[in-house]
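# Fold and geometry: a report
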Amino acid sequence: MTTQADAPTYRSDARPAMEPFVEQLGTFAGFSYAGDVASELAAGTLAADEAFELLDDMLAIRELEEMIVRLRSGGYDALPGYDYRGPTHVSIGQEGTAVGACAALRPDDSVTSSHRGHGDAVAKGFAAIRRMTDDELRARVPGTPLTTRAELLEAALEEHLFRIVAELFGKEEGYSHGRGGGMHIGDFSTGNLGANAIVGGSVPIATGAAMARRYQRSDQVVCCFAGDGAYANGVVLESLNWAAQDQWTNHLAGDHPYGLPAIYLIQNNHYGMTHRTDEEVMGIRHLARRGSGFADDGMHAEVVNGMDVLAVRDAVRRAAALCRAGEGPVLIESSTYRYYGHSLSDPRNEYRTREEEAAWRAIDPIERLKIQILAAGITDEAGLESVEARARVRNVRAAVRAAAGTDPAPESLLDYLYAETASDVVPPDAPAVVLHADPPVAKRDADGAITYRDALREALVGEMARDGRVIFYGEDVADYGGAFKLTKGLLEAFGRDRVFNTPISEACICGTGVGAAIVGLRPVVELMYMDFALMASDQIANQAGKWHYMSGAQLEVPLVIRCSVGAGKGYGGQHSQSLESIFTHTPGLVVAYPATPADAKGLLTAAIRSNDPVVFVESQGLYGAKGPVPEGEHLVPIGKARVAREGADATIVAWGPAVPDALAAAEVLAAEHGVSAEVIDLRTLVPLDMETVLASVRRTGRCVVAAQAVLVGSYVNEIVARVQAEAFDDLDGPVGRVGAANGISPQAEVLEKAFLPDAAAIVRAVTAIL
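Computed from a predicted model, the values in this text were never measured in an experiment.

## Concerning the overall build of the protein chain
What the protein chain contains, in helices and strands, is 26 helices and 19 strands. At 29 Å, the protein chain has a C-alpha radius of gyration in line with the 27 Å of a compact globule built from 770 residues. In terms of overall dimensions, the protein chain has a C-alpha envelope of 95 × 60 × 60 Å along the principal axes. Residues counted as buried form 61% of the 770 residues belonging to the protein chain. Counted over contacts in the protein chain with a minimum sequence separation of 6, partners at least 24 positions apart contribute 79%. With the model as given, the accessible surface of the protein chain reaches about 27900 Å², and the carbon-plus-sulfur share is 52%.

Laid out in structure tokens, this is it:
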């Protein structure tokens, strides 16, 4: 690991003065990079026009973010009185890191970013646009009368800036149509997979995207921008471990030993929100040392001077070369500084001094590059002023256009919430399916019956055999076949490229699934118990469930998260929870919970083909249940309930293991009470087939809703409320509710039986409303 000689100093009242560090940075002592514009020109590693491009790109970021600062104070002359109400997490001072890194990447490489991601968005877009063909440039500015390359390039750069500013201003013309805003900005056409308002939230996504590139046998690289604060976050450390797994490069990799092509670039501005990374909340001087905790090669970690655009460019070029050679991942710590606070509401004076800020401003990345350009003799002061003027005018033009943009119509509020599409045809460029052995085949009874467990495996086998984009992973799912032997035989049939074990890292399991899905795969991931979904809830709810909407439908997240409920086995409070209601409260997620073997196969097949993220809930108590299941392809439509039993006197609405209880209750009601109960199996909770429920209730006049989840906060209550609101005039009594007791699942058998609902509880609920 290459590091600087001494750590930076901060508060003058708590540490040595800042001046020695500034002097050191001025001579770049302690960093491995010792070049400048002149030496790069002499070596042929930088052309004169590239030096101007680096300057222009940094100036573009500075102009954009200083506009935000001035808008908040009412001082941006081009937009007097404009009310900017979005986030103000500016990265002024960090431009060298964003621009240097993106200049070293190819246009088809990807980046992920953070809440402080305006600069990353500008830099990645500008770097990619500069390498586009004339036809590609014209496509970005349709209808333009411009003809020369210089004119087309400038128009495309301004258009990129315009769409970024329009997104900041919440306009339809923004990259995400105003749905994402500054903290979630992304331009997927130039490889920006999106900024992330959750600190560290994008790191597992970047890891999953890199994993997908490895599987696709691509040499594309993913560069993950995240701040120093993120590197104390659990899912970030999970991601570093994930990326460095031996199985990517050792004998388990077969004919493709290839490390994950991920560059983890720490934008270390030395502060989280207000806390200091150095000598306060971390126990190591250099965050690059994190790499040694996860890989024997230390993840090729180094510390670079983030205030020098050429130093960052050099480091990322070398990192990208390592990744393309299969030697990734790489960890780079870029030592930089943000001149402003966490946001513009942060005055900064409570935790750092004016002297400290002035010392960092004295080594400003833009001013340093300007000095080097002059020293190299490739332009004069007038030439530099021309570049600065162009950046200033470009930003003004983009901002004025954006301010005059279209406000989204209120009636479009829920546009982009779901893709509501499916991959019914496998594209010709999908990875080829290679069978290494015959897939497992379930033995059917004479009536075609197989178990719920075998039905789920049939769906996985069918979709993996059909579509090479489908991969499957989770804890112990490969050689062992999963904790419940549901996936036994998949590894042997499809190989370790597509079926593999993971670390015990539920958040990273789900987060990498999001990243892999975004860049073209269709992952199916397994959480051994649904209880563990709480450990992954950010990646499920804030990432998988939101990205289609926050991107303005630029991307889709075709991810299936299989999770099983262990109630009824005496496993106690942390392995028995039915938590589907939590995820019904996250718009953007599909939630399915099949009750029969046929529906288990048909719904899982439909979920894998869906272009929306699906939380697919399975009951361990149903794994051994048998029922007839069609052979071959079998699809059950998402969002369509089934009438499991017809009746005339009362409607019982249920899902999952409550469905067989409801059917048993209906038998008792008919035999002992003379009541004809209709049973509705919802199959999917989101989307909810309320039409089928209401049609039944309007016939029967009475309704009970039953599930295995704890009743407080249960989705049962949502359905009860809707029945009462939408079928009130048809009801002959109150709507009944059945669920688990409002407590914690106990281990003792007698207590667990009292805790869980059963057929008798449903019978009591129905008779109570007759």
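Having seen it, we continue.
## Considerations on the pattern of salt bridges
A side chain with one charge can pair with a side chain of the opposite charge if their charged atoms come near. According to the stated counting rule, one finds 51 salt bridges in the structure shown. Note that Glu172 is salt-bridged to Arg179, the shortest N-O span being 2.9 Å. For Arg179, a relative accessible area of 12% puts it in the buried group. Through salt bridges with shared partners, a single network forms among Asp56, Asp57, Arg130, Glu154, Arg390 and Arg394.

## Some thoughts on the layout of surface pockets
As a volume, the largest pocket reaches approximately 660 Å³. Where the lining of the largest pocket is concerned, the elements lending two or more residues are α20 (580-584), α21 (597-609), β17 (684-686) and α24 (715-726). Each residue belonging to the lining of the largest pocket can be placed in one class, and the counts come to 16 nonpolar, eight polar and five charged. Considered as a void within the structure, the second largest pocket measures approximately 470 Å³ in volume. Surrounding the second largest pocket, 22 residues form its lining, Tyr215, Arg217, Arg496, Asp497 and Arg498 being those nearest its centre.

## Observations regarding the nonpolar core
By size, the foremost hydrophobic cluster in this structure holds 139 residues, and its most contacted members are Tyr264, Ile540, Trp655 and Leu682. Not counting residues within four places of it along the chain, the set of residues in contact with Leu682 comprises Lys640, Ala641, Val653, Ala654, Trp655, Leu688, Val693 and Ile719. By size, the runner-up hydrophobic cluster in this structure holds 85 residues, among which are Leu64, Leu152, Tyr271 and Ala315.

## Some details on the state of the cysteines
Overall, the coordinates contain zero disulfides when judged by the stated rule. Looking at the unpaired Cys323, the closest cysteine sulfur is the one in Cys223, lying at 9.1 Å. With no disulfide of its own, Cys563 has Cys510 as its nearest cysteine by sulfur position, at a separation of 8.1 Å. Residue classification places Cys563 among the buried residues on the basis of a relative accessible area of 2%.

## Points about the side chain of Ser576
Considering the arrangement of structural elements, one finds Ser576 in the loop between β10 (560-565) and α20. You can call Ser576 buried: its relative accessible area is 5%. Of note is the side chain of Ser576, whose polar atom sits 2.6 Å from the backbone oxygen of Gly572. Dropping the residues within four chain positions of it, Ser576 is found in contact with Asp531, Val565, Gly566, Ala567, Tyr571, Ser745 and Glu752.

## Examining the sheet that holds strand β11 (residues 590-592)
Strand-to-strand pairing in sheets goes through backbone hydrogen bonds, with the strands running parallel or antiparallel. Read across the open sheet, the seven strands follow the order β8-β7-β9-β10-β12-β11-β17; overall the sheet is mixed. A single partner strand is all that each edge strand has here, and the edge strands are β8 (499-501) and β17. Each neighbouring strand pair of the sheet contributes to a mean axis angle of 20°, computed without reference to strand direction. As paired strands, strand β9 (residues 522-527) and β10 are joined by four bridges and run parallel to one another. Its bridge partner being in β10, Val525 is matched across the sheet by Ile561.

## Observations regarding the pairing of strand β15 (residues 650-654)
Of all five residues that make up β15, five are buried, and the element is covered over most of its length. Residues Ala650, Ile652 and Ala654 point to one face of β15 and Thr651 and Val653 to the other, with burial holding for every one of them. In this fold, the crossover linking β15 to strand β16 (residues 677-681) by way of helix α22 (residues 658-673) has right-handed handedness. Two strands pair when backbone bridges link them, and β15 and strand β18 (residues 703-710) are joined in this way by four bridges, in the parallel orientation. Bridge assignment links Ile652 to a residue of β18, and that residue is Val704.

## Considerations on the sheet that holds strand β14 (residues 642-645)
The five strands are arranged β14-β16-β15-β18-β19 in an open sheet whose pairing can be described as mixed. The open sheet has two edge strands with one neighbour each: β14 and β19 (736-740). Neighbouring strand axes in the sheet, compared pairwise and without regard to direction, differ in orientation by 25° on average.

## A closer look at the pairing of strand β5 (residues 330-335)
A large share of β5 lies buried, amounting to six of its six residues. Here strand β3 (residues 262-268) pairs with β5 via six bridges, running parallel. Following the sheet pairing, Ile266 is matched in β5 by Glu333. Bridging between strand β4 (residues 302-305) and β5 involves four bridges; their strand directions are parallel.

## A short note on helix α7 (residues 149-168)
Here α7 contains 20 residues, and its C-alpha end-to-end distance of 29 Å stays within 8% of the 28 Å for a straight helix at 1.5 Å per residue. With 15 of its 20 residues buried, α7 lies for the most part within the structure. Where α7 terminates, the next one or two residues include Gly170, which has phi positive at roughly 75°.

## Let's talk about empty space enclosed by the protein
If a probe as big as a water molecule is rolled over the atoms, it shows which places are left empty. If you walk through the whole model with that rule in mind, you get four cavities of 30 Å³ or more. Estimates place the volume of the largest cavity at around 70 Å³. In terms of lining residues, the largest cavity is bounded by 14 residues, among which Phe484, Glu526, Arg562, Glu618 and Tyr623 are the most central. Residue assignment for the lining of the largest cavity shows that the elements contributing at least two residues are β9 and β10. For the lining of the largest cavity, the element with the most residues is β10, which contributes three residues. For the lining of the largest cavity, the class distribution of residues is seven nonpolar, four polar and three charged.

## Quick word on the environment of Gly573
Relative to the helices and strands, Gly573 resides in the loop between β10 and α20. Along the backbone, Gly573 and Ala449 are 124 residues apart, and their C-alpha atoms lie at a distance of 33 Å. Each residue touching Gly573, except ones within four places of it in the same chain, is listed here: Asp531, Ile744 and Ser745.

## So, the confidence of the model for the protein chain
Residues at a pLDDT of 70 or more form 96% of the protein chain, whose mean pLDDT is 94. Below pLDDT 50 for its whole length, residues 1-29 participates in 69 contacts with residues either more than four positions away or in separate chains.

## A few points about the packing of aromatic side chains
Scanning all chains against the criterion turns up 15 aromatic pairs. Ring centres 6.5 Å apart and planes at 45° place the aromatic pair Tyr337 and Tyr339 in the tilted group. Each member of the pair, Tyr337 as well as Tyr339, is classed as buried. Look at Trp655 and Tyr715: their rings are 6.1 Å apart centre to centre, the planes differ by 70°, and that puts the pair in the edge-to-face class. On the criterion of sequence distance, the pair formed by Trp655 in the loop between β15 and α22 and Tyr715 in helix α24 is long-range, its members being 60 residues apart. Of the two residues, Trp655 and Tyr715, both sit in the buried class. Joined through ring pairs, the aromatic side chains of Tyr452, Phe484, Tyr529, Phe532, Tyr571 and Tyr623 make up one cluster. A cation over a ring is seen here: Arg401 above Phe162, with NZ or CZ 3.8 Å from the ring centre.

Conventions adopted
- Along each chain, residue indices are assigned from 1 in the same order as the chain's sequence is written.
- In view of the model being predicted, local features appear only for residues whose pLDDT reaches at least 70, and side-chain atom pairs are presented and counted only at 80 or more, with totals across whole chains, interfaces and linings using the full set of residues.
- The basis for every side-chain value is the complete set of heavy atoms in the structure, and neither hydrogens nor water enter the calculation.
- Helix and strand labels come from DSSP, where a helix needs a run of H or I of at least four residues and a strand needs a run of E of at least two; each type is numbered from the N terminus.
- Between the two quantities, the radius of gyration covers C-alpha atoms and the globule rule is 2.2 Å times the number of residues to the power 0.38.
- Only protein chains enter the calculation, and the probe is 1.4 Å; a residue is then buried if its accessible area is under 20% of its type maximum, exposed if over 50%, and partly exposed in between.
- We call two residues in contact when some of their heavy atoms are within 4.5 Å.
- A 1.4 Å probe and the Shrake-Rupley method give the accessible areas. Residues count as covered only by the protein chains that appear here.
- The working definition used for a salt bridge is a side-chain nitrogen of Lys or Arg within 4 Å of a carboxyl oxygen of Asp or Glu.
- Each cavity reported here is a set of points on a 1 Å grid over the protein atoms alone in which a 1.4 Å probe fits but cannot get out, each pocket an open set with protein on both sides within 12 Å along at least five of seven lines, and each lining residue one with an atom within 4 Å of a point.
- Grid points are joined across faces, edges and corners, and a volume is the space filled by probe spheres set on the points.
- Classification convention: Asp, Glu, Lys, Arg as charged; Ala, Val, Leu, Ile, Met, Phe, Trp, Tyr, Cys, Pro as nonpolar; all other residues, Gly among them, as polar.
- Put simply, buried Ala, Val, Leu, Ile, Met, Phe, Trp, Tyr and Cys residues joined by side-chain atoms within 4.5 Å make one nonpolar core.
- Criterion for a disulfide: a pair of cysteine sulfur atoms within 2.5 Å.
- Distance and chemistry together define a polar contact, namely a pair of N or O atoms within 3.5 Å, with one atom able to donate a hydrogen and the other to accept it when in protein, and with adjacent residues in sequence counting only for side-chain atoms on both sides.
- Two strands are said to pair when DSSP picks up at least two bridges between them.
- Simply put, an axis is a line fit to the C-alpha atoms, just over the touching stretch for a helix, and the angle between two N-to-C directions goes from 0 to 180 degrees.
- For a crossover, the right-handed case is the one in which the path from the first strand over the helix to the second runs clockwise, viewed with the strands pointing away from the viewer.
- One fewer than the residue count of a helix, multiplied by 1.5 Å, yields its expected span.
- A residue's pLDDT is simply how confident the predictor is in it, with values from 0 to 100.
- When the centres of two rings from Phe, Tyr and Trp lie within 6.5 Å, Trp using its six-membered ring, the rings pair. Their planes under 30 degrees apart give stacked, over 60 give edge-to-face, and anything left gives tilted.
- Charge-over-ring contacts are defined here by two conditions on Lys NZ or Arg CZ: a distance within 6 Å of the ring centre and an angle within 35 degrees of the ring normal.

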